[in-house]
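Letter by letter, the chains look like this.
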Amino acid sequence: MNTPTLNGPVAVIGAGTMGIGIAQVAAAAGHPVRLFDISAPAAQRALDGLAQRLRQRVAAGKADSAATEALLARIRRADSLDQLADSALVIEAVAESLAVKQSLFRDLEALCSPAALFASNTSSLSITAIAGALQHPQRMAGLHFFNPAPLMKLVEIVGGLETSAATLNALRALADRWGKQSVQCRSTPGFIVNRVARPFYAETLRALEERVADAATLDAVLRDAGGFAMGPLQLTDLIGQDINYAVTESVFQAFFQDPRFTPSLVQQELVAAGHLGRKSGRGFYRYGAELPAPAARYAPAEQGEAPQRVTLHGDWSPLADFAELLARNAAAVKQPGQTSAFATLDEVTFMLTNGKTASQIADETGTPVVLFDLSANYAPAPAVAISCAAQNEARHNAKAIRLLQSLGKRVILLPDYPGLLVMRTLAMLANEALDVVNKGVASAADTDLAMLHGVNYPRGPLGWSAALGWRHILATLENLQQFYGEARYRPMPLLRRYAAPSTAPSSGAER
């Protein structure tokens, strides 16, 4: 089968938010577009709404009038499937029902040219199963856009068991021409993004269930200290608690109830109560013009003793940005070596969390211990999260807090929680991403690109983990697994390979 160029008409079936967004993307790229919905009034409302939104941008001086009208003129409503017969590509964005999608594509296969390609925007159903309804399943693939489709850069191109290489190549070339960042993966539950992202929500939801801190403070750890664009609880409120919970439940069931995808009881309770987030006015937060934004809890300005001597021990290259900050302190000196990075603040051991509690490390070292959490970039981060050993005296904790505050950082003081929050989240994200790579679902490069562009992570989890060191990721998971006694934190085989000194790749996961 020769690779088609897909320069002809594009049909979009389903006039919901995703359907009209995909139609806009295709029209903006110059394609004639036909929009079909089983409800003709719904299709017309979607077209009218699009015209209103785009013309408002023109009125605000944000778009060109002629280009806008040309785009709108390229989208036409179709009143029957027969009117889609000459399409080069048909993209469906209808209800997430396997039976509905299979029936639709059976009808389309009877109508359209044998050269036409079929694509589904499904986020949860098997492309293999959808294509199983076709006599020629090689022409069917997933083309998974992210909401809002005109703005979000990522498109996941998903191959089913029978999808041909020519189909995948044609869709990837098309997505590139449409200005999208395309990534390719096999049809497995959650594809790349919805699978790898599960721990981003799950670890913070667990911390909330375990009463580590309130929602606003936990979100601040991931956002203000960790460098993510939004905290997980904020984000689930924006997505919709029902939608986010349903995706987690779907992935959990699709992986035969693997404990690493276990849904959250606290999120389930929100859904049961109808507290669905922004769209219902209440989720983890309450929404309303008269309501103040919830505030995170930061440590007050510390009046205690500042450290007289700050010594950086070992190899700080994986944390070079934090080392540079600490070295600005007048009391700082460096003692480089081959050991893992840690600092001493006078007699206090100050180090990156590794999945053990600060109290465990204090027992092992016989010193007061303060652990700090991970950040994507310590220099611009407005906050740093820490935890302190139970054995510490108040003056020991004060030294760490004073030091960080002197560097312009707000301090989030968490209980002595193993792995804190950003570190354990990254370890779980990387673990899942490595399983995707190891099982041939997607390449390492595409997996990182998907997380960067699909959910706007500050760094790809594989590249970030490689820079930090695979052994630290492995140690964090092994320590969490020992602490909880749960298979949820079991390290994946590829992580164990990369953490072995003789097989660790220099950067990222090279598969």
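Each residue is numbered by its place in its chain's sequence as written, counting from 1. Where local features are concerned, this predicted model is filtered to residues with pLDDT of at least 70; where side-chain atom pairs are given and counted, the filter is 80 or more; whole-chain, interface and lining totals use all residues. Hydrogens and water are ignored here; the side-chain numbers use all heavy atoms of the structure.

**Observations regarding the UniProt feature "domain: 3-hydroxyacyl-CoA dehydrogenase C-terminal" (unreviewed entry) in the protein chain**
In this structure's numbering, the residues bearing the UniProt feature "domain: 3-hydroxyacyl-CoA dehydrogenase C-terminal" (unreviewed entry) are residues 190–287 and 420–499. Across residues 420–499 one finds 72% helix and 0% strand; the C-alpha atoms that close the span lie 21 Å apart. UniProt positions are given in the numbering used here, feature names are shortened, and annotations may be inferred rather than shown by experiment. The helix and strand labels rest on DSSP assignments: H or I over at least four residues marks a helix, E over at least two residues marks a strand, and numbering proceeds from the N terminus.

**Focus on the domain arrangement of the protein chain**
For each domain, the first and last residues come from an automatic or database assignment. Its domain assignment divides the protein chain into domain 1 (10–187), domain 2 (193–280), domain 3 (310–413) and domain 4 (422–446 + 460–498). Averaged C-alpha coordinates put domain 1 and domain 2 at centres separated by 29 Å.

**So, the packing of aromatic side chains**
Geometrically, a pair of aromatic rings is defined through the distance of the ring centres and the angle of the planes. Only the six-membered ring of Trp is used, alongside the rings of Phe and Tyr, when aromatic pairs are assigned; centres must lie within 6.5 Å, and planes under 30 degrees apart are stacked while those over 60 apart are edge-to-face, with the rest tilted. Within the structure shown, the criterion is met by 18 aromatic pairs. Look at Trp316 and Phe322: their rings are 6.5 Å apart centre to centre, the planes differ by 55°, and that puts the pair in the tilted class. The exposure classification of Trp316 matches that of Phe322, with both residues buried. By way of ring pairs, the aromatic residues Phe200, Tyr201, Phe228, Tyr457 and Trp464 are connected into one cluster. The cationic tip of Arg206 hangs over the ring face of Tyr484; the distance from NZ or CZ to the ring centre is 3.9 Å. Lying over the aromatic face of Tyr298, Arg410 brings its terminal NZ or CZ to 3.7 Å of the ring centre. Residue burial is assigned from relative accessible area. The probe radius is 1.4 Å, only protein chains are included, and a residue is buried under 20% of its type maximum, exposed over 50%, and partly exposed in between. Definition used: whenever NZ (Lys) or CZ (Arg) falls within 6 Å of the ring centre and also within 35 degrees of the ring normal, the charge is taken to sit over that ring.

**What to know about the pattern of salt bridges**
Salt bridges are defined as contacts in which a side-chain nitrogen from Lys or Arg sits within 4 Å of a carboxyl oxygen from Asp or Glu. Enumeration according to the criterion identifies 29 salt bridges in this entry. Residues Arg328 and Glu324 are paired through a salt bridge, measuring 3.7 Å at the closest nitrogen-oxygen approach. Beyond isolated ion pairs, a larger network of salt bridges with shared partners links Arg195, Asp258, Arg260, Glu432, Asp435, Lys439 and Arg490.

**With respect to the side chain of Thr217**
Secondary-structure assignment places Thr217 in helix H9 (residues 215–225). Take Thr217: its relative accessible area is 3%, and that puts it in the buried class. We call two N or O atoms a polar contact when they sit within 3.5 Å, provided that within protein one can donate a hydrogen and the other can accept it, with sequence-adjacent residues counted only if both atoms are side-chain atoms. In terms of polar contacts, Thr217 uses its side chain to reach the backbone amide nitrogen of Arg297, at 2.9 Å. With near-sequence residues (within four places) excluded, Thr217 lies in contact with Ala296, Arg297, Ile412 and Leu414. For this analysis, residues touch if any pair of their heavy atoms sits within 4.5 Å.

**Points about the sheet that holds strand E4 (residues 89–92)**
We treat two strands as partners when DSSP finds at least two bridges between them. Pairing is mixed in the open sheet, where eight strands are placed in the order E3-E2-E1-E4-E5-E6-E7-E8. A single partner strand is all that each edge strand has here, and the edge strands are strand E3 (75–78) and strand E8 (181–186). In this sheet, neighbouring strand axes are inclined to one another by 25° on average, regardless of whether the strands run parallel or antiparallel. Where E4 and strand E5 (residues 117–120) come together, four bridges link them in parallel fashion. Residue pairing across strands places Glu92 opposite Ser120, the latter belonging to E5. On the sheet, helix H2 (residues 40–59) packs against strand E2 (33–36) and E3 and is oriented at approximately 170° with respect to E3. The angle between two axes is taken between their N-to-C directions and runs from 0 to 180 degrees, where each axis is a line fitted to C-alpha atoms and a helix contributes only its stretch in contact. Seen against the sheet, helix H17 (residues 444–454) touches strand E7 (154–159) and E8 and runs at an angle of roughly 130° to E8.

**Some thoughts on the packing of helix H8 (residues 198–209) against helix H10 (residues 232–239)**
Taken N-terminus to C-terminus, the directions of H8 and H10 make an angle of 110°; their axes are 9 Å apart at the nearest point. With respect to H10, the axis of H8 lies roughly perpendicular. With respect to the hand of their crossing, H8 and H10 are arranged in left-handed fashion. Contact with H8, carried on its side by Phe200, Tyr201, Thr204, Leu205 and Leu208, involves Pro232, Leu233, Leu235, Thr236 and Ile239 of H10 and no other residues of that element. By the definition adopted for this analysis, an angle is roughly parallel if under 35 degrees, roughly antiparallel if over 145, roughly perpendicular if from 65 to 115, and oblique otherwise. Here a crossing is taken to be left-handed if its near helix is turned anticlockwise relative to the far helix by less than a right angle, and right-handed if that turn runs clockwise.

**Regarding helix H11 (residues 241–254)**
Between its first and last C-alpha, H11 extends 20 Å over 14 residues, near the 20 Å set by a 1.5 Å rise per residue. Listed in full, the buried residues belonging to H11 are Gln241, Asn244, Tyr245, Thr248, Val251 and Phe252. In an axial view of H11, the angular spread of the buried residues amounts to 130°, which keeps them on one side of the axis. Where the residues of H11 are buried, they touch helix H7 (193–196), H8, H10 and helix H12 (265–273). Just downstream of H11, Phe256 is the residue with a positive phi angle, here 55°. Under the convention used throughout, the expected extent of a helix is 1.5 Å for every residue step, that is, one less than its residue count. Comment: arc refers to directions from the helix axis out to C-beta atoms.

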